[in-house]
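Here is what each chain is made of, one letter per residue.
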Amino acid sequence: MPTNADSSPPTRRRAPAGAAVLREDVTDAIRAAVFEELAAAGYARMSIEGIARRAGVGKTAVYRRWRSKLHLVLDLVSALAVQGLPAPDTGSLEEDLQLLYRVTARALKHPVAGQIIPDLQAEAARNPEIAEAMQKALREGQHGVASGIVRAAVARGELRDGLDEELALDLISGPLYWRSLVVRAPELPKGHLKRLAAATTAALKAL
């Protein structure tokens, strides 16, 4: 006896034959392993085999997600831009800068970041794709937050409208990166970030 189509049980959709379901926990483990491998071996000596071993997976699991170590690193660097930094909103330019510097200094002090960022910057000089990804990460991360601080200060009347925003961003971001990643000072002097915020505020107001 024919059945009514409306009473038939719903058809369960199946994934296309051969389609790989990528587990998120495996992807996260691989990403964490990349940071560890970069810190331990550097980009030039980093290998898919080493990443897979640290993540506790086979090489196939890595290649299902990224074609090469270059694409893997580019993906991670680009993801940093999306995460960004928390945008300070204290109502004061100097206090916003203090908060930004505290968060940034804490991140740069991490041993993994201290090893990975200089290595990728050196690699960027030889690889235009990495250079573009690093520029994007910095522009949308640190510079994006700094730009928000400057625009908020302009809106409050703390800074003049029409100031050179690119120069302002250099003044905000340059000194801390220089001391942490170029000079690689082991520890910042007590009160350094507060003094830096005050000096940067004065410099911005002079623009």
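Keep in mind the model is a prediction, meaning the values are calculated, not measured.

A. Local environment of the overall build of the protein chain. Summing up its helical and strand segments, the protein chain has 10 helices and zero strands in all. Secondary structure of the protein chain in N-to-C order comes out as α-α-α-α-α-α-α-α-α-α. Among the 207 residues that make up the protein chain, the fraction classed as buried is 37%. Nonlocal contacts in the protein chain, meaning residues at least 24 apart in sequence, comprise 67% of its contacts between residues at least 6 apart. As displayed, the protein chain has an accessible area near 12,600 Å², and 54% of this comes from carbon and sulfur atoms.

B. Representation of a nonpolar patch on the surface. A surface patch of nonpolar side chains, amounting to about 320 Å² of accessible area, comprises Trp178, Val182 and Val183. Turning to its location among the elements, Trp178 is positioned in helix 9 (residues 165-182). Among the residues examined, Trp178 registers a relative accessible area of 53% and is labelled exposed.

C. Representation of helix 10 (residues 192-205) within the structure. Given a rise of 1.5 Å per residue, 14 residues ought to cover 20 Å, and the 20 Å separating the end C-alpha atoms of helix 10 matches this to within 8%. Those residues of helix 10 that fall on the buried side of the exposure criterion are His192, Leu193, Leu196, Ala197, Thr200, Thr201 and Leu204. Along the axis of helix 10, the buried residues cluster in a sector spanning 165°; they form a single face. In this structure, the buried side of helix 10 is in contact with helix 5 (93-109) and helix 9.

D. Main features of the nonpolar core. By size, the foremost hydrophobic cluster in this structure holds 27 residues, and its most contacted members are Ile30, Val34, Leu38, Ile51 and Leu72. Broken down by secondary-structure element, the contributors of at least two residues to this core are helix 1 (24-45), helix 2 (48-55), helix 3 (59-63), helix 4 (69-83), helix 6 (111-124) and helix 7 (128-140). Top contributing element to this core by residue count: helix 1, with seven residues. Grouped together as the second largest cluster of nonpolar side chains are 20 residues, Leu97, Leu159, Ile172 and Leu204 included.

E. A look at the pattern of salt bridges. Inspection of every chain in the model, using the stated rule, returns nine salt bridges. When the shortest N-O distance is used, the salt bridge between Asp25 and Arg23 registers 2.7 Å. Asp25 gets classed as partly exposed once you look at its relative accessible area, which sits at 43%. The residue Glu158 makes a salt bridge to Arg156 at a minimum N-O spacing of 2.7 Å. Salt bridges sharing partners connect three or more residues here, namely Glu36, Glu37 and Arg54.

Reading the values: the criteria
- Here, residues in each chain are numbered from 1, in the same order as that chain's written sequence.
- The predicted nature of this model means local features are confined to residues of pLDDT at least 70 and side-chain atom pairs, given and counted, to a pLDDT of 80 or more, with totals for whole chains, interfaces and linings taken over all residues.
- For side-chain calculations, the full set of non-hydrogen atoms in the structure is used, while hydrogens and water are omitted.
- Helix and strand definitions here come from DSSP, where helices need a minimum of 4 consecutive H or I residues and strands a minimum of 2 consecutive E residues; each element is numbered from the N-terminal end.
- Exposure classes here rest on a 1.4 Å probe applied to the protein chains alone. A residue is buried below 20% of its type maximum, exposed above 50%, and partly exposed in between.
- Any two residues whose heavy atoms approach within 4.5 Å are treated as being in contact.
- Exposure was quantified through the Shrake-Rupley algorithm and a 1.4 Å probe, taking into account, for residues, occlusion by the shown protein chains and nothing else.
- Patch membership requires over 30% relative accessible area and the absence of a salt bridge. Like charges are linked within 9 Å, and nonpolar side chains (Val, Leu, Ile, Met, Phe, Trp, Tyr) within 5 Å.
- A pair is scored as a salt bridge if a Lys or Arg side-chain nitrogen falls within 4 Å of a carboxyl oxygen belonging to Asp or Glu.
- Given the number of residues in a helix, its expected span is that number minus one, multiplied by 1.5 Å.
- Arc definition: it is the arc formed by the directions from the helix axis to the C-beta atoms.
- We define the nonpolar core as a collection of buried residues of types Ala, Val, Leu, Ile, Met, Phe, Trp, Tyr and Cys that are connected through side-chain atoms lying within 4.5 Å of one another.

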